[in-house]
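Understanding the architecture of this molecule
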Amino acid sequence: CLIVKNRWQMTLFAIANTVFRYTGSKREGFLFDVNTDDTQPMESVIDTEGWPRWSGFAPAARGELVPGARWEVELRGESGPPNRTMRPRLLLVDPPRELRFETRVLGGLAARMQHAFVIEAAGPERSTLIQRFEVTGLLLAPLWPILRAGMVQFEELGADLARGLGGEAIVKPAVAPPL
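Described in the following lines is the structure provided in the data block. (Residues numbered from 1 in each chain as written. Predicted model: local features only at pLDDT ≥ 70, side-chain atom pairs only at ≥ 80, totals over all residues. Heavy atoms only, no water.)

**Points about unusual backbone geometry**
Its identity as a non-glycine residue notwithstanding, Leu 106 has a phi of 55 degrees, on the positive side. Position of Leu 106 among the secondary structure elements: in the loop between β6 (98-105) and β7 (111-123). (Helix = DSSP H or I, 4+ residues; strand = E, 2+ residues; numbered from the N terminus.)

**A closer look at the packing of aromatic side chains**
Enumeration according to the criterion identifies three aromatic pairs in this entry. Measuring from ring centre to ring centre gives 5.0 Å for Trp 71 and Phe 101, while their planes differ by 70 degrees; the resulting arrangement is edge-to-face. Taken together, the positions of Trp 71 in the loop between β2 (60-62) and β3 (72-76) and Phe 101 in strand β6 put the pair 30 residues apart, joining distant regions of the chain. The pair Trp 71 / Phe 101 is uniform in exposure class, with both members buried. On the numbers, 6.5 Å between centres and 90 degrees between planes, the contact of Phe 101 with Phe 117 is edge-to-face. A residue pair is termed long-range when its members are at least 10 positions apart, and Phe 101 in strand β6 and Phe 117 in strand β7 qualify at 16 residues. Judged by its relative accessible area of 9%, Phe 101 is buried. (Phe/Tyr/Trp six-rings, centres within 6.5 Å; stacked < 30°, edge-to-face > 60°. Buried < 20%, exposed > 50% of the residue type's maximum accessible area, 1.4 Å probe, protein only.)

**Digging into the nonpolar core**
Grouped together as the largest cluster of nonpolar side chains are 34 residues, with contacts concentrated most on Val 45, Trp 51, Ala 58, Leu 129, Val 135 and Leu 157. Contributing elements (two or more residues each) for this core: β1 (25-34), α2 (40-46), α3 (51-54), β3, β6, β7, β8 (126-136) and α4 (140-164). The contacts of Trp 51, once residues within four sequence positions are left out, are Ser 44, Val 45, Ala 58, Pro 59, Ala 60, Ala 61, Val 73 and Leu 157. (Core = buried A, V, L, I, M, F, W, Y, C linked by side-chain atoms within 4.5 Å. Contact = heavy atoms within 4.5 Å.)

**Here's the deal with the pattern of salt bridges**
Enumeration according to the criterion identifies eleven salt bridges in this entry. Between Glu 72 and Arg 87 there is a salt bridge, with the nearest N and O atoms lying 3.6 Å from each other. Of the two residues, Glu 72 sits in strand β3 while Arg 87 sits in the loop between β4 (82-86) and β5 (89-94), which places them 15 residues apart along the sequence. We note a salt bridge from Glu 98 to Arg 132, for which the minimum N-O separation is 3.9 Å. Taken together, the residues span a long stretch of sequence, with Glu 98 in strand β6 and Arg 132 in strand β8 at a distance of 34 residues. Overall, Arg 132 belongs to the buried group, its relative accessible area being 12%. Here the salt bridges do not stand alone but share partners, grouping Arg 97, Glu 98, Arg 100, Glu 120 and Arg 132 into one network. (Salt bridge = Lys/Arg side-chain N within 4 Å of Asp/Glu carboxyl O.)

What follows is the structure, encoded as structure tokens:
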């Protein structure tokens, strides 16, 4: 009986250790300089009908500017045509400063991802577009390489927007504060 009890204890310890090892959060951020005032970048993000003019990676997006609204964002793969659709939920609407979206995998248990577009004034007729990502969840560690690859693709979205507004399309990695 003592052996069974120890095996149960060892099993529970192993499960708890695995759960704690795979939880936590990872953050990522990218900065883009934009040669315009601090309201125009957000106006371009909000004007989803204009996305095909400036975005190669995400040529279409539909959704209401209401917290809790479900959006549909078509993502273009390297092959050209849209190859997948994301359905994030809009968490925060604070134009002209910030839009924040959330996508969940398995109801948020496996992974909960937040993606924010933040605009900050950087001087007269200059602003900075900041894309911030935060991922949490039980399966964060094994999913991180896949999720990180997706975040890097979103660099293209920021670069497209910066170029479309006459800014620099040079990605500047940033330390992302918690969302």
